[in-house]
Amino acid sequence: MASELVEVEGHIIDSLILAKVLDVILDAGADYRMVDVDIGKTNVDASRARLEVTCDDDEALANLLEQLSIHGANRVTTADARLESCTIDGVLPAGFYSTTNLPTQVRLDGRWVDIENPEMDCAIVVRSDGRVRTEPMHRVHLGDQIVVGLDGVRVATPQRPRGANPFEFMSSEVSSEKPKELVVAQVADRMRATRADGRKILAVCGPAVIHTGAGPAIAAMVAGGWIDLLFAGNGFATHDIESNVLGTSLGVLLREGRPTEHGHANHLRVINEVRRHGSIARAVEAGFVTGGVMYECVTHGVPFVLGGSVRDDGPLPDVHANVIDAADAMRAALPGVGVALMLASTLHAIATGNLLPAGVETFCVDINQAVVTKLADRGSHQALGIVTDVGLFARELCDHLVS
């Protein structure tokens with residue numbers, strides 16, 4: 001048998017983190033013994049639990065400890081992190097530590113050092129000056145010092161927004177029965193608080209934002225200064241421009257809800273004309289695009305990153321056709337983001353969630369409940385799901401924010 005002491009600290013009772021940790025242990029076929037528990041007396045006091053975890057062998061224990069780290073359960077250890085040099089560009093040493101998006105520290109020379117940019121599914125690189133960063137696999141280079149194994153790494157327990165808000169009295173993270181008006185008002189309040197703190201607001205939009213008629217509301221929020229950064233794909237940008245140039249989205253008249261003759265080619269004609277101009281910004285300058293989300297982004301200097309996919313038509317000249325380049329462009333734009341709105345997007349929402357640190361408040365809005373659970377399932381613990389029509393949500397949110 002193999003055993004290890006682990007410790008989890010924070011608001012582990014009311015957030016059900018301790019219950020999740022125990023479930024992970026039992027689901028792995030392991031056993032535990034509660035060594036020590038110190039429960040906070042009020043809802044602002046942290047709690048701490050120390051457990052002895054027992055598995056059949058060392059390999060099973062190592063796998064379990066890695067799963068527990070996702071929930072902020074750390075080994076009780078005083079060992080420094082073990083480092084190995086990268087020997088091939090873009091290839092990590094075997095046994096590299098795979099990160100979560102939670103605040104993380106690494107023990108070096110007897111002291112704990114904060115990781116500068118928490119991001120999930122990355123390696124931990126220790127610089128020659130002692131700084132510690134996460135890096136995706138493709139950005140490690142020959143000679144980089146990489147953390148391997150589990151020794152000398154600890155992560156913070158996931159936190160939930162606290163205080164008087166509609167999320168606090170709801171037992172489920174995702175439900176189609178939550179009071180939408182209260183939830184939208186709370187999202188608006190969080191956006192105001194983020195703006196007051198000098199942080200940025202990110203919108204991640206899927207094509208359904210345009211199909212449902214939410215485009216004007218998002219455009220108004222961009223123009224009103226409530227969106228500082230936009231992530232989307234070729235489809236969203238294309239249909240946004242199509243809706244403003246031709247009045248259709250996928251050939252369907254948005255005002256009347258009926259298809260137009262040969263409307264299936266409308267998005268291609270729009271893409272072709274923007275390509276003729278050379279970029280979305282030039283199409284705006286030339287007067288070809290006179291409204292919509294992309295128009296407002298160009299007009300108000302709001303940066304955007306359009307990530308491509310294998311199914312893209314065209315694509316628009318601003319689209320990053322190389323997905324690695326798109327992800328790096330998204331990484332470069334994320335510092336300073338305090339709130340992320342994931343609006344009717346699955347692939348781009350998950351891609352963005354993989355890049356966001358856990359401290360970014362994330363609201364995932366979709367009519368499909370399965371979509372809004374995917375972020376949390378993939379490790380974005382901070383994501384709160386709102387199951388509703390994105391068109392109704394965006395318009396109501398805009399009413400709260402834009403006078």
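Residues numbered from 1 in each chain as written. Predicted model: local features only at pLDDT ≥ 70, side-chain atom pairs only at ≥ 80, totals over all residues. Heavy atoms only, no water.

Comments concerning helix 2 (residues 58-69)
With 12 residues, helix 2 ought to run about 16 Å at 1.5 Å a step, and its terminal C-alpha atoms sit 16 Å apart, in line with that. Those residues of helix 2 that fall on the buried side of the exposure criterion are Leu 61, Leu 64, Leu 65, Leu 68 and Ser 69. The arc that holds the buried residues of helix 2, viewed along the axis, is 140 degrees, so those residues lie on one side. Close packing links the buried residues of helix 2 with strand 1 (2-10), helix 1 (17-27), strand 3 (47-55), strand 4 (74-75) and strand 11 (153-155). (Helix = DSSP H or I, 4+ residues; strand = E, 2+ residues; numbered from the N terminus. Expected span 1.5 Å × (residues − 1). Buried < 20%, exposed > 50% of the residue type's maximum accessible area, 1.4 Å probe, protein only. Arc of directions from axis to C-beta. Contact = heavy atoms within 4.5 Å.)

Re unusual backbone geometry
A cis amide bond links Gly 314 to the next residue, Pro 315, at an omega of -10 degrees. Along the chain, the position of Pro 315 falls in the loop between strand 16 (304-307) and strand 17 (319-320). The residue Asp 121 is not glycine, and still its phi comes out positive at about 60 degrees. Structurally, the position occupied by Asp 121 is in the loop between strand 7 (111-114) and strand 8 (123-126). Despite not being glycine, Ala 344 shows a phi value in the positive range, around 50 degrees.

Quick word on the sheet that holds strand 4
Within a sheet, adjacent strands bond to each other through the backbone by hydrogen bonds, running parallel or antiparallel. With antiparallel pairing, the four strands of this open sheet are ordered in space as 2-3-1-4. Lying at the two open borders of the sheet, with one neighbouring strand each, are strand 2 (31-38) and strand 4. Note: strand 1 against strand 3, nine bridges, orientation antiparallel. Paired with Glu 7 across the strands is Arg 50, a residue of strand 3. (Pairing = 2+ DSSP bridges.)

Brief notes about the packing of aromatic side chains
On inspection of all chains with the given rule, the structure shows zero aromatic pairs. Across the ring face of Trp 112, the terminal group of Arg 154 is positioned such that the distance to the ring centre comes to 4.0 Å. It is Arg 195 that lies over the ring of Trp 226; its NZ or CZ is 5.3 Å from the centre. (Phe/Tyr/Trp six-rings, centres within 6.5 Å; stacked < 30°, edge-to-face > 60°. Lys NZ or Arg CZ within 6 Å of the ring centre and 35° of its normal.)

Quick notes on a negative patch on the surface
Taken together, the side chains of Asp 56, Asp 57, Asp 58 and Glu 59 define an acidic patch exposed on the protein surface. For Glu 59, the location among the structural elements is in helix 2. Taking relative accessible area as the criterion, Glu 59 reaches 61% and is therefore assigned exposed. (Patch = residues over 30% accessible without salt bridge, like charges linked within 9 Å, V, L, I, M, F, W, Y side chains within 5 Å. Areas by Shrake-Rupley, 256 points an atom, 1.4 Å probe, with all protein chains shown as cover. Salt bridge = Lys/Arg side-chain N within 4 Å of Asp/Glu carboxyl O. Lys, Arg positive; Asp, Glu negative; His and termini not counted. Charge placed at Lys NZ, Arg CZ, Asp CG, Glu CD.)

A short note on the sheet that holds strand 20 (residues 383-387)
Read across the sheet, seven strands follow the order 17-16-13-12-18-19-20 without closing on themselves; strand pairing throughout is parallel. Since the sheet does not close on itself, it has two edges, and those belong to strand 17 and strand 20, each with one partner. Alignment of strand 12 (residues 200-205) against strand 18 (residues 337-343), held across six bridges, turns out to be parallel. Paired with Ala 203 across the bridge in strand 18 is Leu 341. Helix 6 (residues 234-245) contacts strand 12, strand 13 (229-233), strand 16 and strand 17 of the sheet and is inclined by roughly 100 degrees relative to strand 13. (Axes fitted to C-alpha atoms, helices over the stretch in contact; angles between N-to-C directions.)

Here we look at the packing of helix 6 against helix 7 (residues 266-277)
Taken N-terminus to C-terminus, the directions of helix 6 and helix 7 make an angle of 95 degrees; their axes are 9 Å apart at the nearest point. Relative to helix 7, the element helix 6 is oriented roughly perpendicular. Residues Asn 234, Thr 238, His 239, Ile 241 and Glu 242 of helix 6 form the contact with helix 7, whose own contacting residues are Asn 266, His 267, Val 270, Ile 271 and Val 274. Class assignment of the residues belonging to the contact of helix 6 with helix 7 gives a composition of four nonpolar, five polar and one charged. (Parallel < 35°, antiparallel > 145°, perpendicular 65-115°, else oblique. Nonpolar A, V, L, I, M, F, W, Y, C, P; charged D, E, K, R; others polar.)

Thoughts on the pairing of strand 1
A one-sided burial pattern is seen for strand 1, the buried positions being Ala 2, Glu 4, Val 6, Val 8 and Gly 10 and the unburied ones Ser 3, Leu 5, Glu 7 and Glu 9. The pairing of strand 1 with strand 4 spans two bridges and is classified as antiparallel. The partner of Glu 7 across the bridge, within strand 4, is Asn 74.

Details of the nonpolar core
Counting 51 residues, the largest nonpolar core has Val 187, Met 191, Val 209, Ile 218, Phe 236, Leu 343 and Leu 397 as the members making the most contacts within it. Ranked by residue count, the leading element in this core is helix 13 (residues 390-401), at six residues. In contact with Leu 397, not counting residues within four places along its chain, are Val 184, Val 187, Ala 188, Met 191, Met 221 and Leu 341. Core analysis: the second largest hydrophobic core is formed by 35 residues, Val 21, Ala 49, Cys 55 and Leu 68 among them. (Core = buried A, V, L, I, M, F, W, Y, C linked by side-chain atoms within 4.5 Å.)

Some points on the pattern of salt bridges
Opposite charge on two side chains lets them pair, provided their charged atoms get close. All chains considered together, the criterion is met by 22 salt bridges. Note that Asp 151 and Arg 75 form a salt bridge whose closest N and O atoms lie 2.5 Å from each other. Highlighted residues: Asp 151 in the loop between strand 10 (145-148) and strand 11 and Arg 75 in strand 4, separated in sequence by 76 residues. You can call Asp 151 partly exposed: its relative accessible area is 28%. Here Arg 82 ties to Glu 84 by a salt bridge, and the two come within 3.2 Å at their closest N and O atoms.

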